[in-house]
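Breakdown of the fold
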Amino acid sequence: MASGVAIRCLDGNPDQFGAVMALPRMKPQDGVAWVTGASSGIGAAVALELARRGWTVAVTARRFEQLEALAREAENLRGRIVVHAGDVTDMASMRGVVAAVETVHGPIALAFLNAGIASGNHGSPLDLDAVEQTMSVNFMGVVKGVSAILDAMQKRRRGQIAVNASLVGYRGLPGTAAYGASKAAAIHLCESLHFDCEAHGIRLQVVNPGFVDTPMTRRNRFTMPFLMSAEESAGRIVDGFERSGFEITFPRRLAWLLRIGRSLPYGVYFALMSRAARRSLRGS
């Protein structure tokens, strides 16, 4: 097996994995929360929920006008929202956002790396452009966000990072080659980095939601089981920042069904998913 990880929290100490540390959970008094992909959907809802709970929330996306509208929406909440436009696909942009937030508002204690897209396949089983675009935002956007904030958190030996992945990343589902692969990659990245980050006092979490009512999912042309509002999902995510372990996942019924699916032999799994996909399309 090849060794080496592009993003490291390690200092070369071979004994650093010897003990499991009780890592602190970040609170508003510890610093600023940073949310990427905050112009709509889950990102906007989580930013508002964090502001309700007293956080100063730095929000990032490419659509500056939507971020400003979100900041105005939070004006009467306990906390506040401050706008720092940026592009998660641009490493220099991500470093610039982190530097600006920490210079103006203080240390980033909690980062929710949420930016994501779902590119269509345009009638092809495997659309190269769709795969490249989706991986660039959903996976490499996470990598660049983690890389941008990691050095500062390492120096402080404290912090909390959460990555928004998806239950779709558990196993291959019909019609999700690009999106599912990007989310599976994000989950694997977090699982691997968990050990490294823990050794440096950084709590790392992965968020695996089911279907959430957002502008992105409204384009779906199939029945979405256990569909949840963005506001309800945001409450569960922020509760997870405060109480959950490594994985924050919901709804539980769908999560357990897909966990069972991960353990099935391929022949059985493919037959069941093909049947479920046909039923879903008929019911849409």
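None of the values given here were measured: they were computed from a predicted structure.

Turning to helix H2 (residues 64-73), its buried residues are Leu67, Leu70 and Ala71. Seen along its axis, H2 keeps its buried residues to an arc of 100°; they face one direction. Exposed side of H2, more than 90 degrees from the buried face: Glu65, Arg72 and Glu73 are the residues found there.

Overall, the coordinates contain three aromatic pairs when judged by the stated rule. Ring plane angle 65° and centroid distance 5.6 Å describe the contact between phenylalanine 112 and phenylalanine 241, whose orientation is recorded as edge-to-face. Note that phenylalanine 112 is positioned in strand E4 (residues 108-113) and phenylalanine 241 in helix H6 (residues 230-243), a separation of 129 residues in sequence. The exposure class assigned to phenylalanine 112 is buried, which follows from its relative accessible area of 1%. Over the ring of tyrosine 269 we find arginine 171, and its NZ or CZ is 4.3 Å from the ring centre. Seen from the ring of tyrosine 170, arginine 262 lies directly overhead, with NZ or CZ sitting 3.9 Å from the centre.

It is worth spelling out the sheet that holds strand E2 (residues 56-60) at this point. In spatial order, the strands read E3-E2-E1-E4-E5-E6-E9; together these seven strands make up an open sheet with parallel pairing. In this open sheet, the two strands that pair with only one neighbour each are strand E3 (80-83) and strand E9 (247-250). Along the sheet, successive strands turn relative to each other by an average axial angle of 20°, direction set aside. Pairing of strand E6 (residues 202-209) with E9, which is carried by four bridges, proceeds in the parallel orientation. Looking at the pairing, asparagine 208 lines up with threonine 249 of E9. Of the strands in this sheet, strand E1 (32-36), E4, strand E5 (159-164) and E6 are in contact with helix H4 (residues 128-156), which crosses E4 at around 165°. Together, E5 and E6 form the strand contacts of helix H5 (residues 177-199), whose direction differs from that of E6 by roughly 160°.

Its location among the elements puts serine 39 in the loop between E1 and helix H1 (41-52). According to the relative accessible area criterion, serine 39 is buried, its value standing at 15%. Looking at serine 39, its side chain comes within polar contact range of the side chain of arginine 63, at 2.8 Å. Those residues within four positions of serine 39 in sequence are excluded, and the remaining contacts are Ala44, Ala61, Arg63, Gln66 and Leu67.

The next point concerns unusual backbone geometry. Here the residue pair phenylalanine 250 and proline 251 is connected by a cis peptide bond, since its omega of -15° sits within 30 degrees of zero. Within the element layout of this structure, proline 251 appears in the loop between E9 and helix H7 (252-263). Positive phi outside glycine occurs at arginine 157, with the angle close to 55°. Of note, phenylalanine 226 is a non-glycine position whose phi angle comes to about 60°, a positive value.

The computed volume of the second largest pocket comes to approximately 220 Å³. Lining of the second largest pocket is provided by Arg236, Gly240, Ser244, Glu247, Ile248, Thr249, Phe250, Arg252, Ala255, Trp256 and Arg259. Breaking the lining of the second largest pocket down by element, the ones donating at least two residues are H6, E9 and H7. Residues belonging to the lining of the second largest pocket are distributed by class as follows: four nonpolar, three polar and four charged.

On to the packing of H1 against H6, then. Across the interface, H1 lies against H6 with an axial gap of 8 Å and an inter-helix angle of 60°. Classed by the angle they form, the pair H1 and H6 counts as oblique. Crossing of H1 over H6 shows right-handed handedness. Taking contact as the criterion, the partners of Gly41, Ile42, Ala45, Val46, Glu49 and Leu50 in H1 are, on H6, Ala230, Glu231, Ser233, Ala234, Gly235, Ile237, Val238 and Phe241.

Bringing the pattern of salt bridges into the picture now. Counted under the stated rule, the structure contains nine salt bridges. A salt bridge links arginine 158 to aspartate 30, with the shortest nitrogen-to-oxygen separation between them at 3.4 Å. Highlighted residues: arginine 158 in the loop between H4 and E5 and aspartate 30 in the segment before E1, separated in sequence by 128 residues. For arginine 158, a relative accessible area of 33% translates into the label partly exposed. Under the relative-accessibility criterion, aspartate 30 is labelled partly exposed at 26%. Here aspartate 239 and arginine 53 are joined by a salt bridge, their closest N and O atoms 2.9 Å apart. Linking aspartate 239 in helix H6 with arginine 53 in the loop between H1 and E2, this pair joins segments that are 186 residues apart in sequence. Shared partners join several salt bridges into a network, and the residues in it are Glu49, Arg52, Arg53, Asp239, Glu242 and Arg243.

Scoring rules and cut-offs
Residues numbered from 1 in each chain as written. Predicted model: local features only at pLDDT ≥ 70, side-chain atom pairs only at ≥ 80, totals over all residues. Heavy atoms only, no water. Buried < 20%, exposed > 50% of the residue type's maximum accessible area, 1.4 Å probe, protein only. Helix = DSSP H or I, 4+ residues; strand = E, 2+ residues; numbered from the N terminus. Arc of directions from axis to C-beta. Phe/Tyr/Trp six-rings, centres within 6.5 Å; stacked < 30°, edge-to-face > 60°. Lys NZ or Arg CZ within 6 Å of the ring centre and 35° of its normal. Pairing = 2+ DSSP bridges. Axes fitted to C-alpha atoms, helices over the stretch in contact; angles between N-to-C directions. Contact = heavy atoms within 4.5 Å. Polar contact = N/O pair within 3.5 Å; in protein donor to acceptor, adjacent residues only side chain to side chain. 1 Å grid on protein atoms, 1.4 Å probe; cavity = no way out; pocket = protein on both sides within 12 Å on 5 of 7 lines; lining within 4 Å. Points joined across faces, edges and corners; volume = space filled by probe spheres on them. Nonpolar A, V, L, I, M, F, W, Y, C, P; charged D, E, K, R; others polar. Parallel < 35°, antiparallel > 145°, perpendicular 65-115°, else oblique. Left-handed = near helix turned anticlockwise from the far one by under 90°. Salt bridge = Lys/Arg side-chain N within 4 Å of Asp/Glu carboxyl O.

Any functional reading would require information beyond the geometric quantities listed.
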